[in-house]
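# Remarks on the overall topology
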Amino acid sequence: MSRTMRAAVIHRFGGPEVLRAESVPEPVAGEGESVIDVRLAGLNYADLEIRAGTYDPPPLPAVLGADVVGRRRSDGRRVAALLRHGGGYAQVAVARDEHTVEVPEDVTDAQALCLLEQGCTAHSALATVGRLRAGESVAVSSAAGGVGHLAVQLARAAGASTVVGLASTPAKRDFVRSLGADHAVGLPEEVREAVPGGVDLYVDSLGGPYLPAALAALAPFGRVVSVGWRAEAPAPVALGDLIERSVGLHGVWMRHVLLAPGLLARTADHLFALARKGLLTGHVDRVVPLAEVGRAHAAVAARQTAGKVLVDVHG
Ligand SMILES: NC(=O)c1ccc[n+]([C@@H]2O[C@H](COP(=O)([O-])OP(=O)(O)OC[C@H]3O[C@@H](n4cnc5c(N)ncnc54)[C@H](OP(=O)(O)O)[C@@H]3O)[C@@H](O)[C@H]2O)c1
């Protein structure tokens, strides 16, 4: 007889109200996978789009959630894992072994969860694709957000000369400055007021009309690294503009970090080491029980969160 667990399940795509805490059968591990008894699950912006059915819709019913921390059932080790096909908002998850990292003793569950998905995305944008060098200047969009607040700190730790964070409210901009940003501004057009010659690297997570503005904020030889986009109007980018300004546009997707052998583990080791040195701290906006995941989605959609939202799957 299959064991049951509690999970936040969707039976149809829609607003935050479609997320319901229910008892469902535990998932079963296949070849190359392990069962994890989850302690905390993470909320990521893409979860909102998957829930709405506008991005990578899974077969229904579905348990969303792309990152978890807990104990691996086979050996009791404390691990954090990324779940390519969801299943995180649950008391038990199944993760591929190569997408699972052991959490060092002196890194808390909450920190590990803040750092794994969003920290690896920020690091991949800045370092792996953005090739940030010490002394270069950096701008980060949604800088108070899950990816953004880590990107600001990572840019600082990598020796950026100037870090500019973008955020929509004065309170968020105060938060961004507290992370080590030299300047916090509201719009991409204001980046040049902070760095008149333009920035060398711009991490953008909004796309649409924000993308041309991000490119316009670059210095010669600068690059925009796009990590995401909102479902707003597409922004055509003219090749001539890139050439005539000697700037570049790159993208990065965590899927390729997962596909590159050993890259996730190396990146996580780097981020955990920075966390242990006090150079990188994941900010937890709130921890919600499974029954409140819908409300947490609504709060992220309403731009009310800063840092990472966690789900206590036993709450
Ligand atoms: N490429 C990858 O593999 C990868 C991996 C992880 C995440 N991502 C992407 O990285 C971005 C950040 O993800 P995250 O999980 O850390 O989310 P997040 O940044 O915490 O998302 C919430 C923030 O986005 C900003 N925002 C701007 N326009 C918004 C809108 N129309 N509706 C709601 N929020 C809006 C808000 O900040 P302000 O109020 O300050 O504007 C809001 O607080 C997302 O685009 C996500 O898809 C990509």
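First, a word on scope: everything that follows refers to the structure included in this document. This structure is a prediction, so every number in the text was calculated from the model and none was measured. (Residues numbered from 1 in each chain as written. Predicted model: local features only at pLDDT ≥ 70, side-chain atom pairs only at ≥ 80, totals over all residues. Heavy atoms only, no water.)

Here we take up the site of the ligand. Near the ligand you find 25 residues, and of these S168, K172, V252, M254 and R303 are the closest. A distance of 2.5 Å separates an oxygen atom of the ligand from a polar side-chain atom of S168. Contact between the ligand and K172: an oxygen atom at 2.6 Å from a side-chain N or O atom of the residue. Here the ligand, which alone exposes 910 Å², has 90% of that area covered by the protein. At the level of secondary structure, the elements contributing two or more residues to the shell around the ligand comprise α2 (109-129), α3 (146-157) and α10 (293-301). Residue contributions to the shell around the ligand peak at three residues, all from α2. Classifying every residue of the shell around the ligand by side-chain character gives ten nonpolar, ten polar and five charged. When residues of the shell around the ligand are assigned to domains, at least three fall in each of domain 1 (4-102 + 283-312) and domain 2 (118-255). (Near = heavy atom within 4 Å. Polar contact = N/O pair within 3.5 Å; in protein donor to acceptor, adjacent residues only side chain to side chain. Areas by Shrake-Rupley, 256 points an atom, 1.4 Å probe, with all protein chains shown as cover. Helix = DSSP H or I, 4+ residues; strand = E, 2+ residues; numbered from the N terminus. Nonpolar A, V, L, I, M, F, W, Y, C, P; charged D, E, K, R; others polar. Domains from an automatic or database assignment.)

What follows covers the nonpolar core. Residues L116, L126, V138, V152, V176 and L264 are the most contacted members of the largest nonpolar core, which totals 50 residues. Among the elements of the structure, β6 (78-82), α2, β9 (137-140), α3, α4 (170-178), β12 (199-204), α8 (254-259) and α9 (263-276) are those that each provide at least two residues to this core. The element that contributes the greatest number of residues to this core is α2, accounting for eight residues. Formed jointly, this core draws a minimum of three residues from each of two domains, domain 1 (4-102 + 283-312) and domain 2 (118-255). (Core = buried A, V, L, I, M, F, W, Y, C linked by side-chain atoms within 4.5 Å. Buried < 20%, exposed > 50% of the residue type's maximum accessible area, 1.4 Å probe, protein only.)

With that settled, consider the sheet that holds strand β2 (residues 20-25). Strands in a sheet are paired, the pairing made by backbone hydrogen bonds, and the direction either parallel or antiparallel. Strands sit in the order β2-β1-β4 across an open sheet of three strands; the sheet is antiparallel. A strand with exactly one partner marks an edge of an open sheet, and here the two such strands are β2 and β4 (62-63). Where strand β1 (residues 4-10) lies against β2, six bridges are found, and the strand directions are antiparallel. Counterpart to A8 in the pairing with β2 is A21. (Pairing = 2+ DSSP bridges.)

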